[in-house]
Each structure stands twice: as structure tokens, then as C-alpha cells.
Amino acid sequence: MDFHPWDGPGHVLMWKGYKILLVNPPIYDFSAYDFWLKPYGLLRVAGYLRGKGELRLFDYLDRFHPQVPNSKKLRSDPLGRGQFYSEIIPRPAPFSQIPRNYRRFGLPRKYFQTFLMQEGPFDFALVQTVMTYWYLGVREVIEDIRTFSPQTKIVLGGVYATLCPQHAQGLGADLVIDGLELEPLWRFLKIAPDLQELPFWEGYENLKVGVLKLADGCPFRCTYCSVPQVYPKFQGRSLEYSLAELDFLHHRGVRNVVFYDDALLFRSDKILIPFLQQVLKKERDVYFHTPNALNARFITKELAKLMVQAGFKTFYLGFESSAYEWQRRTGGKVYSEELIRAVDNLTCAGADLNHITAYLIIAHPQADQQHVEASMYFAHSLGIRLMLSEFSPIPGTPDGESCRPWVDLDEPLWHNKTVFSSRFLGEAEVNRLKGLCNQLNRRLKNPLQDLL
Ligand code: B12
Ligand code: SF4
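Residues numbered from 1 in each chain as written. Chains lettered and ligands numbered in written order. Predicted model: local features only at pLDDT ≥ 70, side-chain atom pairs only at ≥ 80, totals over all residues. Heavy atoms only, no water.

A. View of the packing of aromatic side chains. On inspection of all chains with the given rule, the structure shows 38 aromatic pairs. Centroid distance Phe-259 to Phe-275: 6.2 Å. Interplanar angle 85 degrees. Geometry classified as edge-to-face. Of this pair, Phe-259 sits in strand 12 (residues 256-259) while Phe-275 sits in helix 9 (residues 272-280), and the two are 16 residues apart along the sequence. Among the residues examined, Phe-259 registers a relative accessible area of 2% and is labelled buried. (Phe/Tyr/Trp six-rings, centres within 6.5 Å; stacked < 30°, edge-to-face > 60°. Helix = DSSP H or I, 4+ residues; strand = E, 2+ residues; numbered from the N terminus. Buried < 20%, exposed > 50% of the residue type's maximum accessible area, 1.4 Å probe, protein only.)

B. Representation of the domain arrangement of the protein chain within the structure. Split by domain assignment, the protein chain resolves into domain 1 (16-189) and domain 2 (209-442). Summing the contributions of domain 1 and of domain 2, the shared interface buries around 3000 Å²; its carbon and sulfur component is 66%. Interface area lost by domain 1 to domain 2 is led by Trp-36, Tyr-40 and Tyr-133, which between them contribute 24%. The interface formed by domain 1 and domain 2 contains 1 salt bridge. (Domains from an automatic or database assignment. Buried area = accessible area lost by both parts, 1.4 Å probe. Salt bridge = Lys/Arg side-chain N within 4 Å of Asp/Glu carboxyl O.)

C. Structural detail: the state of the cysteines. In the structure shown here, the tally under the stated rule is 0 disulfides. Cys-164 provides the cysteine sulfur closest to Cys-403, a residue in no disulfide bond, and the two sulfurs are 14 Å apart. (Disulfide = S-S within 2.5 Å.)

D. How the structure looks around the site of ligand 1. Taken together, 41 residues lie near ligand 1, and Thr-132, Ser-226, Tyr-231, Asp-262 and Glu-390 sit nearest. Within the side chain of Arg-237, one N or O atom sits 3.1 Å away from an oxygen atom of ligand 1. The backbone of Glu-390 places a nitrogen or oxygen atom 2.6 Å from a nitrogen atom of ligand 1. When residues of the shell around ligand 1 are assigned to their parent elements, the largest contribution, 4 residues, is made by helix 1 (residues 40-47). Of the residues belonging to the shell around ligand 1, the class tally is 22 nonpolar, 11 polar and 8 charged. Both of domain 1 (16-189) and domain 2 (209-442) provide at least three residues apiece to the shell around ligand 1. (Near = heavy atom within 4 Å. Polar contact = N/O pair within 3.5 Å; in protein donor to acceptor, adjacent residues only side chain to side chain. Nonpolar A, V, L, I, M, F, W, Y, C, P; charged D, E, K, R; others polar.)

E. Representation of the nonpolar core within the structure. Among the nonpolar cores identified, the biggest contains 149 residues, and Leu-21, Phe-112, Leu-156, Leu-272, Phe-275 and Met-376 are the most heavily contacted of them. A domain split of this core shows at least three residues from each of domain 1 (16-189) and domain 2 (209-442). Not counting the four nearest positions on each side in its chain, Leu-21 is found in contact with Arg-56, Phe-58, Phe-112, Phe-115, Leu-116, Phe-122, Phe-124, Ala-125, Leu-126 and Ile-145. Leu-61, Phe-84, Tyr-133 and Trp-134 belong to the second largest nonpolar core, which has 6 residues in total. (Core = buried A, V, L, I, M, F, W, Y, C linked by side-chain atoms within 4.5 Å. Contact = heavy atoms within 4.5 Å.)

F. Molecular detail of the sheet that holds strand 2 (residues 27-29). With respect to topology, 3 strands assemble into an open sheet ordered 2-5-4, the strand pairing being antiparallel. A strand with exactly one partner marks an edge of an open sheet, and here the two such strands are strand 2 and strand 4 (86-89). With direction set aside, neighbouring strand axes in the sheet form an average angle of 25 degrees. In this sheet, strand 5 (residues 102-105) lies alongside strand 2 in antiparallel orientation, the contact comprising 3 bridges. What sits directly across from Tyr-28, in strand 5, is Arg-104. (Pairing = 2+ DSSP bridges. Axes fitted to C-alpha atoms, helices over the stretch in contact; angles between N-to-C directions.)

Okay, here's the thing in C-alpha cells:
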């Protein structure tokens, strides 16, 4: 008889010892770079299953996997970022006009097929999905599991599964977890999770980078972002749990820890500050990074000092535009004077200007109001680095929906940032803006070697 967590109290657990495969698929895209990418959602879910079955991780994007081809030729930087192994592949039909190479990033397909033949069969496969326009990698994984381990039940979860659930259903998985609610997963697996367990980081043989998330959601409502629709409210996670996660990562040898929070600095008196105060009580040679953009508004003198003391090394600030009207209309998350103040507070606290970067959105549908070039010069005048983020139209967001005249939002390949910017601005203009960005970055004092 199977154990069923909903059979009521007093039920005797009959452990079946399921074999559960965890997969982080390859990426199909024009460009991809290991900017501290980890399948954190999958690892958390897998952690809850620790000790309840046999867990095996296959991460196509693990740059430290012993089988990565030509690994010595792939550049890495000292902070844990670097190039993925990749192969040029034919462009999908909708991209035939884009004059760029399309690639498959990650371990070669045959390695997974061999892995399945040698290590399978598995009872379940949990598959991470991230960008909506990366679903071709998810489809490849499903095809291979169906061929080499046909009895495996496949579950998809994560960003693509949540933002495009109907499309994801069409890939042929047995279950699509759409959103944050994991009850359907536990019912499907017939396993009672242990929600106190830490993410399954031991799935990696050689781990260099770890992820933390102190809270879910964001209090802002930016018109180009899906976070408000996916996480209806902002909610902190447990401080004890986050500290235990950090210790676990540190014991596994991780020295670079990144935050995947959408609003790391919001209600910092309740969440980030108590966390950092605890961090400071214990010696841990760890650098913290914020690739998912900080809100400059909340970087006070005191917070900047605490962050630098606690080991924050790189600071990515979500600025997007210096045009007041554009800032206001898209949600008013940050204004130009707040960026000036944040940069000042960070540098006074001892942060290195070369490690402060402003993200600026390009190819946004209201680009005419955004004054991209002026925004670039403005951020550059503060002595910080610039990074352009090409707009990705996301269905269900106001700005994404406004793009229906240009792209077919029901086909997630069209959400690709390279494709949208090329279509909306034209290749020449995108290249001109990228050229200007590189030129401005090179003018900084001691510019960093840019791997991107
Ligand atoms: C971290 C992050 C990044 C990281 C990389 C992350 C990665 N591993 O690839 C960085 C900073 C590099 C990044 C870059 C970009 N990002 Co980003 N990013 C995120 C962020 C914050 C988290 C993604 C994530 O890992 N989620 C998983 C975990 C952390 O979520 P969780 O809540 O703990 O998970 C719960 C459930 O979702 C579920 N779950 C999650 N995973 C799984 C897996 C399984 C199997 C199951 C069962 C359940 C499950 O379980 C949990 C239950 O509590 C999201 C926003 C968000 N909050 O989701 C945007 C987001 C994914 N990014 C987005 C965008 C636009 C971008 C950029 C295009 C921005 C730009 N223009 O440059 C780039 C793209 C880079 C590229 N190469 O193309 C968009 C998505 C766009 C799209 N079309 O898909 C998002 C949704 C933000 C937004 N604007 O709405 N990003
Ligand atoms: S502040 Fe960031 S996470 Fe929050 S809604 Fe705006 S873009 Fe999304």
C-alpha cells in the first residue's frame, strides 16, 4: 500500500524509495552566460524530498561538471561567472531573419542519454524551467526521458511553467506546477515533504556558487514585470532557514553567494538587516552578489555600510531610464536622484565603483519616452558601469500585452529579448546602443575585463 500524506494522522509510512531525477535543461538562445545561474527553485523543492527517495541531479548548465567539453577554453571570472559550453544549431523558423548564430548551451545531449541508460530507470523527473523562450531545452529533456526511461513521470515547474502553463502542458509532461502552490506536486508524488529541509546543493560534485532568497514577491507593480502577478504579496522567509542555507553553502565550499530576491532591500529592518547582523557574528569568507537588481531607493547610508561590511561585492541597480515620465508611468520604482544618492552611499561605505552597475532597459515599447542614450550618459556620469537589458515581452503584463502587434505572445519563442529588440529597434540600432554602452564602460577608471 502506498503512503499517502492525506490519509490522515497515525498512518504508517511505507517508504517506497522512489528514484527521482532532477534536471536543469540546456538553454537554446542567441546568447547565454553563466551569470550565477542555478536552478534554485528545483533545488529547494528537491531539498524538501531529501531522505524520502533517491535523488539524482543532472544540471546541463553545471560548468564544473567533469564532462564539460573544452572546459579549459571556457573563460571564467574570479567571482564564479563564466562561459557555457555551446554548439551552433539551426535557428527555429520564426528567427530565420535574425542575422545571428543560434546556439544550444550546456552539456551535449548524448551525455544525458547515456546517463539515463546507465542510471535509470527513474520513477519521477522534476524539471526546472526558467525563461519562457528557453522551452526548446525543456522539450529536448522530455523527449529524451520518454525515449530512454519511458516509465518516468515528468513534472515541470518554475518560471515558464508558471507564465505559460497551457503551452507547457503541450510539451507532454505528466504534471505542470503552475505557480507557488506545491500541494499538487506532493499529491502526485505521494510523498509528504519536509519543509524544514535545505535545498539539495549536495547534488553537485563541485559547487562554487550558491543562491539565497530571503523573501518572495515585490511591493512594486512595474508594468513590464511578471513578479506582481506570480507573487501576489511580499513575504519574508524564515531568518533561521536562510542562515542555515548560508552555512550549508559555506560548508560545501561556496565562496560566492547570490540573492535571487526581487526586492531584497524592502522592509530591510525586518529581513535583510537582521540577516546581515547575524552574518557578521560569524567569520565566513563569502562574497554576496545581487544579479537580480537592487532598488536604489532603499540604499541608505546605514544599509550600504552594513552590506559592504557583511561582504557584498557587486551591486546591480535596476535603473532602466533617467526619464522622469517613463519612470513614473512604468511604476515609479526608482527615480534619478535616488540612484545618485545610492551610488554615493555605497561608495562612502567602501564599495568599489567598478563593481556598481546600473541596468538600463532597451527596446521597451515606450522607448520614445525613455531617452535611452541620455539615460546611459546620466548613469555613466556617476562613474558606474552600465548593462543593457533588452526587453522581453511577458504575457499577462501590461507592457508585454501591448506588444501583440509586433509579436505572437502565444508562441514563447517570441518573448526572446534578442528577437524582440531586433524586431522593435532593428539590429543596427541595437548594435549602436551596445557599442555606446561598451564605449562608456571602457572610459571608466580601471574598467573590469568584460566577459559578457
Ligand atoms: C534570478 C533571476 C534571473 C537570474 C538568472 C536566473 C536563472 N537561473 O536563469 C539573472 C539575474 C541572470 C536573470 C536574467 C534575466 N532575467 Co531573470 N529572473 C530571475 C528571477 C528573480 C528568479 C528566477 C528563478 O530562478 N526562479 C525560481 C525560484 C527562485 O523561484 P521560487 O519562488 O523559489 O520557486 C517556487 C515555484 O516557482 C516553484 N518552482 C520553481 N522552480 C521549480 C521547479 C520544479 C521542478 C517545481 C516542481 C517547482 C518549481 O517552487 C517554488 C515554490 O515555493 C525571476 C523573477 C522571479 N521571481 O521568478 C526573473 C525572471 C525569470 N527574469 C526575467 C527576465 C526578463 C530576465 C532577463 C531577460 C532580463 C534582461 N532583459 O536581461 C535576463 C535573461 C538572461 C538571459 N540569458 O536571457 C523574467 C522572465 C522573462 C521570460 N520571458 O521568461 C522574470 C520572470 C522577471 C520578470 N521581469 O518578470 N534573471
Ligand atoms: S521592482 Fe523589480 S521585481 Fe518589483 S515589480 Fe518592479 S521590476 Fe518587478
